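# Structural overview
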Amino acid sequence: MIDASVFAAFLVAAFTLCITPGPDMMFIVAMGGRGGPASGVMAAFGMACAMFIHTAAAALGLSTLFTLVPALYRALRWAGATYLLYLACKAFRDCSSPADEEIGHMGAGRRRAFWQGAITNLLNPKVILFNVAFLPQFVNPALGSVPEQFLLLGMTLTVIGFAVDGSIGLLSGKLSALLRRSRRVARALNVFSGTVFTGLAARLALSPGY
């Protein structure tokens, strides 16, 4: 369905993109730093699942709605920025002790981290536009179904992205778990996370678009 040489080029390009520091990576670092290894990995998994949903939307042609209805792009962008500010406020207000953080690593904390990662990515219209701009470069209609090629490439990108971001979330979480033995450091990590979320919100809200 996809030429082997083209797929090999896609793997190289996808891996290069995934290891390049960017907003998603900063978000994962902040989540791992705030909630520990499990939160970092689950936030990465949530973002990966959202990425595949974006890919499916692109394969079905839903992304063209942004060009047809510019207000939809702006609305989604502001919704994403608002949600990031909400996460920032929660981080700034969190004065929990290391013991409280340990409780947060349990099932509820992991589910929360997953949904925070997923929602953040789903509410970022630039991820959809990225899929529209990047994936078609490796799609050849002459080789078969275009949606199926989109989905294969999207799944591959999702797996690579999760492998990279999950590792980063795990490492940042393990480091934070060591540092959080001090209440002062724990609060500093929350301030760092809140600052990252605020910066990402501003970047999304002020970025040019439709």
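Because the structure is predicted, anything quoted here is derived from the model rather than measured. (Residues numbered from 1 in each chain as written. Predicted model: local features only at pLDDT ≥ 70, side-chain atom pairs only at ≥ 80, totals over all residues. Heavy atoms only, no water.)

## Some points on the overall build of the protein
When you go through the protein residue by residue, the secondary structure sums to 10 helices and zero strands. In terms of overall dimensions, the protein is globule-like: its C-alpha atoms have a radius of gyration of 18 Å, near the 17 Å expected for 210 residues. Across the 210 residues of the protein, 44% fall into the buried class. Partitioning the contacts of the protein with sequence separation of at least 6, the portion at a separation of at least 24 is 84%. If you sum the accessible surface of the protein, you get close to 10,400 Å²; carbon and sulfur atoms cover 73% of it. Measuring between centres, the 16 positive side-chain charges of the protein sit 11 Å from its 8 negative side-chain charges. (Helix = DSSP H or I, 4+ residues; strand = E, 2+ residues; numbered from the N terminus. Rg over C-alpha atoms; globule rule 2.2 N^0.38 Å. Buried < 20%, exposed > 50% of the residue type's maximum accessible area, 1.4 Å probe, protein only. Contact = heavy atoms within 4.5 Å. Areas by Shrake-Rupley, 256 points an atom, 1.4 Å probe, with all protein chains shown as cover. Lys, Arg positive; Asp, Glu negative; His and termini not counted. Charge placed at Lys NZ, Arg CZ, Asp CG, Glu CD.)

## A look at the nonpolar core
Within the largest apolar cluster, 19 residues are counted, with the highest numbers of intra-cluster contacts made by Phe 27, Ile 28, Met 31 and Phe 197. Counting only elements with at least two residues in this core, the list comes to helix H2 (23-35), helix H3 (37-59), helix H5 (70-93) and helix H10 (183-206). When residues in this core are grouped by element, the largest group, six residues, is from H5. When neighbours within four sequence positions are excluded, Phe 197 is seen to be in contact with Phe 27, Ala 30, Met 31, Leu 84, Leu 87, Ala 88 and Ala 91. (Core = buried A, V, L, I, M, F, W, Y, C linked by side-chain atoms within 4.5 Å.)

## Considerations on H10
Helix length check: H10, at 24 residues, gives a terminal C-alpha distance of 35 Å against a target of 34 Å (1.5 Å per residue), a fit within 8%. For H10, every residue scored as buried is listed here: Ala 186, Leu 189, Asn 190, Ser 193, Gly 194, Val 196, Phe 197, Leu 200, Ala 201, Leu 204 and Ala 205. On its buried face, H10 is in contact with H2, H5, helix H8 (125-134) and helix H9 (146-179). (Expected span 1.5 Å × (residues − 1).)

## Comments concerning H9
Between its first and last C-alpha, H9 extends 48 Å over 34 residues, near the 50 Å set by a 1.5 Å rise per residue. For H9, the N-terminal cap is Ser 145; the gap from its side-chain oxygen to the backbone nitrogen of Glu 148 is 3.4 Å. (Polar contact = N/O pair within 3.5 Å; in protein donor to acceptor, adjacent residues only side chain to side chain.)

## Focus: the packing of H3 against H8
One can describe the packing of H3 onto H8 by two numbers: an axis separation of 9 Å at closest approach and a directional angle of 55°. As judged from the angle between their axes, H3 and H8 are oblique. Classified by chirality, the crossing of H8 by H3 is right-handed. Together, Met 51, His 54, Thr 55 and Ala 58 of H3 and Val 127, Ile 128, Asn 131 and Val 132 of H8 make up the contact between the two elements. By residue class, the composition of the contact of H3 with H8 is five nonpolar, three polar and no charged. (Axes fitted to C-alpha atoms, helices over the stretch in contact; angles between N-to-C directions. Parallel < 35°, antiparallel > 145°, perpendicular 65-115°, else oblique. Left-handed = near helix turned anticlockwise from the far one by under 90°. Nonpolar A, V, L, I, M, F, W, Y, C, P; charged D, E, K, R; others polar.)

## What about a nonpolar patch on the surface?
A surface patch of nonpolar side chains, about 580 Å² in accessible area, is lined by Leu 60, Leu 62, Leu 65, Leu 68, Val 69 and Leu 72. One can find Leu 68 in helix H4 (residues 65-68). By relative accessible area, which is 65% here, Leu 68 ends up exposed. (Patch = residues over 30% accessible without salt bridge, like charges linked within 9 Å, V, L, I, M, F, W, Y side chains within 5 Å. Salt bridge = Lys/Arg side-chain N within 4 Å of Asp/Glu carboxyl O.)

## Considerations on the confidence of the model for the protein
Predicted confidence across the protein gives a mean pLDDT of 83, with 90% of residues reaching 70 or more. Averaged over each element, pLDDT in the protein is lowest for helix H6 (residues 98-104) (44) and highest for H3 (91). Contacts of residues 97-106 to residues separated by more than four positions or lying in other chains number 15 contacts, the stretch itself having pLDDT below 50. (pLDDT = per-residue confidence, 0-100.)

## Structural notes on the side chain of Ser 176
With respect to the helices and strands, Ser 176 occurs in helix H9. Polar side-chain contacts of Ser 176 include one of 3.0 Å to the backbone oxygen of Gly 32. Among the polar contacts made by the side chain of Ser 176, one reaches the main-chain carbonyl oxygen of Gly 173 at a distance of 2.8 Å. Apart from residues lying up to four places away in sequence, Ser 176 is in contact with Gly 32, Gly 33, Gly 36 and Leu 189.

## Thoughts on the packing of aromatic side chains
Scanning the model with the defined rule gives 10 aromatic pairs in all. A centroid spacing of 5.3 Å and a plane angle of 65° characterise the contact between Phe 134 and Phe 138, whose relative ring orientation is edge-to-face. Residue Phe 134 shares its accessibility class with Phe 138, and that shared class is buried. One aromatic cluster is present, formed by Phe 7, Phe 10, Phe 130, Phe 134 and Phe 138 through successive ring pairs. (Phe/Tyr/Trp six-rings, centres within 6.5 Å; stacked < 30°, edge-to-face > 60°.)

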